[in-house]
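One-letter residues, chain by chain:
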Amino acid sequence: MEQKKWRVVCYINQFFGQIGGEDMAHVGFSVKEEPVGPALLFQKLLQDDCEVVGTIICGDNYFAEHTEQATAEGVELVRALKPDLFIAGPAFNAGRYGISCGNMVSAVGRELGIPTVTGMYPENPAVELFRKDTYIVKTAILSSQLRKAAPVMASIGLRLLKGEHIGSAASEGYIIRDIILNEEQPQNAAERAIDMVLKKIKGEPFVSELLPPKFDHVPPAPPVADLSKVKLALVTDGGLIPQTNPDKLKPNGSTTWGHYNWDTLVAEPHFVIHSGYDGTWVLENPYRLFPVDILREEVAQGKLGALEEEVYVSCGNCASVAASKAKGQQIAQALLDKGIQAAILTST
Amino acid sequence: MGIPVTQICAVVDIAKSVGSSRILRGFAITCPVGNPTLSAEDETTSRQRYVEKALDMLTKPGQSGMVEDIL
């Protein structure tokens, strides 16, 4: 008896859908209940276990100009075809196509709860937006390399359908998803660490098992032209807060921050919530964290325009880069809203 | 445009690694702006030097990873 085949739906743009080039980029969705373009290749690669039951085609501009609406529209078309697996692209290095493929796989995976896979050149801007949501197989820049990427995409898709193990990003050829993968290693951690340190001592190449967080490049903000005309704010990650902790900061891994009137903060009960440093010196003299005394003198002497009366407090202990970035953006926005033009940040 | 910021901290390597562009080396992790080993009056003077240096750095172009000290 022939086993029932899994249903696969593919998504492609108007170019791969053979509707047309840039002149047809405005066209909306169409559905073919058969494999078209790259979907023909996926049909061939998966023919033993799957059947491509439909190809969804959409113009690059139509999608990119109304992303939210187009995603919703596309997901409903996919849903109607009742797929078990959804494959988008590959988009190679095409910007708008990357955005549509990324949005489609992300939304289909989330709303239909089925496995998804796509393919992109690693520098496609959509990679950073969607790499955590799906398997984005690394492709070359140009679509002439479709035949190299498609088998990798098909293999991952098929194994997802079968519930089989997908190995690491490096071994499989997809873009890292920041997922911690459980894999049994032949050697335990101590043995691997010693191997690594010996290689390091010998100056031999080795591969770390931990990835350092990626930091943004931050262009320096332009300097202030005239200090006597600016309003300055004080910010810290040192965690000096009111005893009542109204903003629910945490001793470590804190994701919230607060802003407090300086005179009230020091006049009323306060403490250092940061559990990563000894707050004795700061509590003894809070000016060691927030040099309000000196800055008020600078204002009195006309050297500094004004000092914001509220201080901005976060707790930087064991903070993830992502959480810190979010807090930093929120504080920066709060400062901009108050017309602050310069800041001093003290870090413990 | 952005808001220019002088970051005062003792562990300058962290500030450098995250891309701060106006970094002033603070006195200690537990006391960025001051010096608890000094008399109250001298500590205020020391804090004034940190603050005036930090303000001065705000008026100059920043450079990613550049660290300054109070002299």
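Calculation rules
- Residues numbered from 1 in each chain as written.
- Chains lettered and ligands numbered in written order.
- Predicted model: local features only at pLDDT ≥ 70, side-chain atom pairs only at ≥ 80, totals over all residues.
- Helix = DSSP H or I, 4+ residues; strand = E, 2+ residues; numbered from the N terminus.
- Buried ≥ 20, exposed ≤ 12 C-beta atoms within 10 Å, placed from the backbone.
- Contact = placed C-beta atoms within 7 Å.
- Pairing = 2+ DSSP bridges.
- Right-handed = clockwise from strand over helix to strand, strands pointing away.
- Axes fitted to C-alpha atoms, helices over the stretch in contact; angles between N-to-C directions.
- Parallel < 35°, antiparallel > 145°, perpendicular 65-115°, else oblique.
- Left-handed = near helix turned anticlockwise from the far one by under 90°.
- Nonpolar A, V, L, I, M, F, W, Y, C, P; charged D, E, K, R; others polar.

A.B. asks: Is there a simple way to explain the overall build of chain B in this structure?
C.D. replies: Helix and strand counts for chain B come out as two helices and three strands. When its helices and strands are written in sequence order, chain B yields β-α-β-α-β. A buried classification covers 41% of the 71 residues belonging to chain B. By sequence separation, contacts in chain B at least 24 residues apart represent 42% of the contacts at least 6 residues apart.

A.B. asks: Help me out: how do you make sense of the pairing of strand 6 (residues 135-138) of chain A in this one?
C.D. replies: Side-chain positions along a regular strand alternate between the two faces of the sheet. Residue and element names in this part refer to chain A. For strand 5 (residues 116-120) and strand 6, the ladder comprises four bridges, and the chain directions are parallel. By the bridge assignment for strand 6, Gly119 is matched with Val137. Regarding topology, helix 5 (residues 125-130) serves as the crossover connection from strand 5 to the parallel strand 6, and that connection is right-handed.

A.B. asks: How should the packing of helix 11 (residues 292-300) of chain A against helix 2 (residues 40-58) of chain B be read in this particular structure?
C.D. replies: Helix-helix packing is described using two parameters, namely the angle between the two axes and the distance between the axes. Interaxial distance between helix 11 of chain A and helix 2 of chain B falls to 9 Å at its minimum, and their mutual angle equals 60 degrees. Overall, the two elements helix 11 of chain A and helix 2 of chain B adopt an arrangement that is oblique. Regarding helix 11 of chain A and helix 2 of chain B, the two cross each other, and that crossing is right-handed. In this structure, helix 11 of chain A contributes Ile294, Leu295 and Glu298 of chain A to the contact, and helix 2 of chain B contributes Arg47, Gln48, Val51 and Leu55 of chain B. Taken together, the residues of the contact of helix 11 of chain A with helix 2 of chain B break down into four nonpolar, one polar and two charged.

A.B. asks: Just to check I follow, could you spell out unusual backbone geometry for this structure?
C.D. replies: For residues besides glycine, phi is generally negative; the peptide bonds are generally trans as well. Residues and elements named next belong to chain A. A cis amide bond, omega 5 degrees, links Gly89 with the succeeding residue Pro90. For Pro90, the position within the fold is in the loop between strand 4 (85-88) and helix 4 (95-112). A positive phi angle, close to 50 degrees, is found at Lys82, a residue other than glycine. Tracing the chain through its elements places Lys82 in the loop between helix 3 (67-80) and strand 4. Positive phi is not limited to glycine here, since Lys248 has a value of about 55 degrees. With respect to the helices, strands and loops of the structure, Lys248 is situated in the loop between strand 8 (240-242) and strand 9 (257-261).

A.B. asks: I tried to follow the sheet that holds strand 2 (residues 30-32) of chain A on my own but got confused; where do I start?
C.D. replies: Strand pairing in a sheet relies on backbone hydrogen bonds. The paired strands run either parallel or antiparallel. Residues and elements named next belong to chain A. Strand order across the open sheet formed by six strands is 2-3-1-4-5-6, with mixed pairing between neighbours. With one partner strand each, in any of the chains shown, strand 2 and strand 6 form the two edges of the open sheet. For this sheet, the mean angle separating the axes of adjacent strands, direction not counted, is 20 degrees. The sheet contacts of helix 1 (residues 38-46) involve strand 1 (6-13), strand 3 (50-58) and strand 4, and relative to strand 1 the element is tilted by about 155 degrees. Lying on the sheet, helix 4 is in contact with strand 1, strand 3, strand 4 and strand 5; it crosses strand 5 at an angle near 165 degrees.

None of the figures reported here should be taken as evidence of function without further support.
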